[in-house]
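Residue strings, one per chain:
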Amino acid sequence: MAKRVGDHFSKRARREGYPARSVYKLQEAQKKYKVLGRGDRVLDLGASPGSWSKFAASIVGKEGKVVAVDLNPLAHSYPNVISIKADIHELPVERLRQIAECFDVVLSDMAPKTSGRKDVDHLRSIGLAEKALDIAVQLLCPGGTFFCKVFQGSSFDDFRNSCRRHFESVRVFKPKSSRSESVETFLCCTGLKRNDIEQ
Ligand SMILES: C[S@@+](CC[C@H](N)C(=O)[O-])C[C@H]1O[C@@H](n2cnc3c(N)ncnc32)[C@H](O)[C@@H]1O
């Protein structure tokens with residue numbers, strides 16, 4: 001059954017011109033939380049093959065922009081999406097500041113290469129999420145939004161508490177379009193606290 005749901009979303013993504021089914025997770029979050037708005041500057045971490053960036057660009061419109069970062073290139077180029085091929089651990093924050101003084105939204109759908117060992121994969125996912133949080137705190141505008149994927153496990157609560165220290169509101173979101181057996185979950189963090197903004 002879980003596989004059939006996966007197939008349904010994969011087919012639908014192909015039909016609708018998205019390179020990955022993951023787009024439906026962001027669409028669900030958008031419907032529920034209005035993560036993205038017209039004119040927003042969006043930093044999309046772990047963006048390849050590009051479904052989230054394509055969807056984000058359609059919401060922010062010509063007045064906004066999307067900067068897509070990944071180890072791998074995007075499957076296509078999209079209007080209003082600037083693509084940077086980089087490891088987020090070596091991401092030049094100053095280069096991003098030249099593109100946008102600050103970002104309204106930082107997205108992270110990053111996932112580690114899975115090893116098959118739940119505890120190992122969880123800790124690798126937490127490592128990526130912590131780095132994404134660090135980048136978000138450096139680059140978000142006051143009041144900005146951080147929407148981040150993380151694999152559930154023993155360090156999940158600690159990571160959520162780190163998010164709570166930086167944001168006014170932190171909500172846990174499990175999209176219906178996630179495979180039911182998936183350990184992934186998302187944190188929707190809004191309202192970057194003022195005293196966190198690094199000059
Ligand atoms: C689930 S995919 C993202 C799918 C994308 N959101 C979409 O909708 O097309 C996870 C991505 O995280 C990227 N990733 C993992 N570790 C990374 C790192 N250290 N730096 C940059 N990207 C990373 C992978 O290369 C992979 O493309």
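Position labels on residues start from 1 in each chain and follow its written sequence. The predicted nature of this model means local features are confined to residues of pLDDT at least 70 and side-chain atom pairs, given and counted, to a pLDDT of 80 or more, with totals for whole chains, interfaces and linings taken over all residues.

Description of the pairing of strand β7 (residues 184-192)
Where strand β5 (residues 140-151) meets β7, six bridges bridge the pair, whose relative direction is antiparallel. Counterpart to Phe-151 in the pairing with β7 is Glu-184. Two strands are said to pair when DSSP picks up at least two bridges between them. Every helix listed is a DSSP run of H or I at least four residues long, and every strand listed is a run of E at least two residues long, numbered separately from the N terminus. Pairing of strand β6 (residues 167-173) with β7 involves six bridges; the strand directions are antiparallel. Residue Val-170 lies in a different strand from β7, and its bridge partner there is Cys-189.

Points about the nonpolar core
What makes a nonpolar core is a set of buried Ala, Val, Leu, Ile, Met, Phe, Trp, Tyr and Cys residues, with links drawn between C-beta atoms within 7 Å. Here a residue counts as buried when 20 or more other C-beta atoms fall within 10 Å of its C-beta, as exposed when 12 or fewer do, and as partly exposed in between; the C-beta atoms come from the backbone. Within the largest apolar cluster, 50 residues are counted, with the highest numbers of intra-cluster contacts made by Ala-56, Val-106 and Ala-132. The dominant element in this core, judged by the number of residues it contributes, is helix α5 (residues 118-139), at nine residues. By definition, residues are in contact whenever their C-beta atoms, placed on the basis of the backbone, come within 7 Å of each other. Ala-56 has contacts with Leu-36, Val-42, Asp-44, Val-66 and Leu-107, leaving out every residue within four places of it along the chain.

A closer look at unusual backbone geometry
Cis geometry is adopted by the peptide bond preceding Pro-49, which originates at Ser-48 and carries an omega value of 10 degrees. Counting through the fold element by element, Pro-49 comes out in the loop between β1 (41-45) and α3 (51-60). Here the phi dihedral of Asn-80 falls at roughly 70 degrees; this positive angle occurs in a residue that is not glycine. Tracing the chain through its elements places Asn-80 in the loop between β2 (65-70) and β3 (81-85). Here Asn-80 falls in the partly exposed class, since 17 other C-beta atoms lie within 10 Å of it.

Let's talk about the environment of Ser-10
Here Ser-10 is to be found in helix α1 (residues 2-15). Under the C-beta neighbour-count criterion, Ser-10 is labelled partly exposed, with 13 such atoms within 10 Å. For the pair formed by Ser-10 and Gly-37, sequence separation is 27 residues and the distance between their alpha carbons is 26 Å.

As for the sheet that holds β2
Strand order in the open sheet made by the seven strands is β3-β2-β1-β4-β5-β7-β6, with mixed pairing throughout. The two strands at the open ends of the sheet, each matched to only one other strand, are β3 and β6. Taken pair by pair, the neighbouring strands of this sheet meet at an average axis angle of 15 degrees, ignoring direction. Working convention: axes come from line fits to C-alpha atoms, limited for helices to the stretch in contact. Angles between N-to-C directions cover 0 to 180 degrees. Packed onto the sheet, α5 meets β1, β4 (103-108) and β5 and runs at close to 175 degrees relative to β5.

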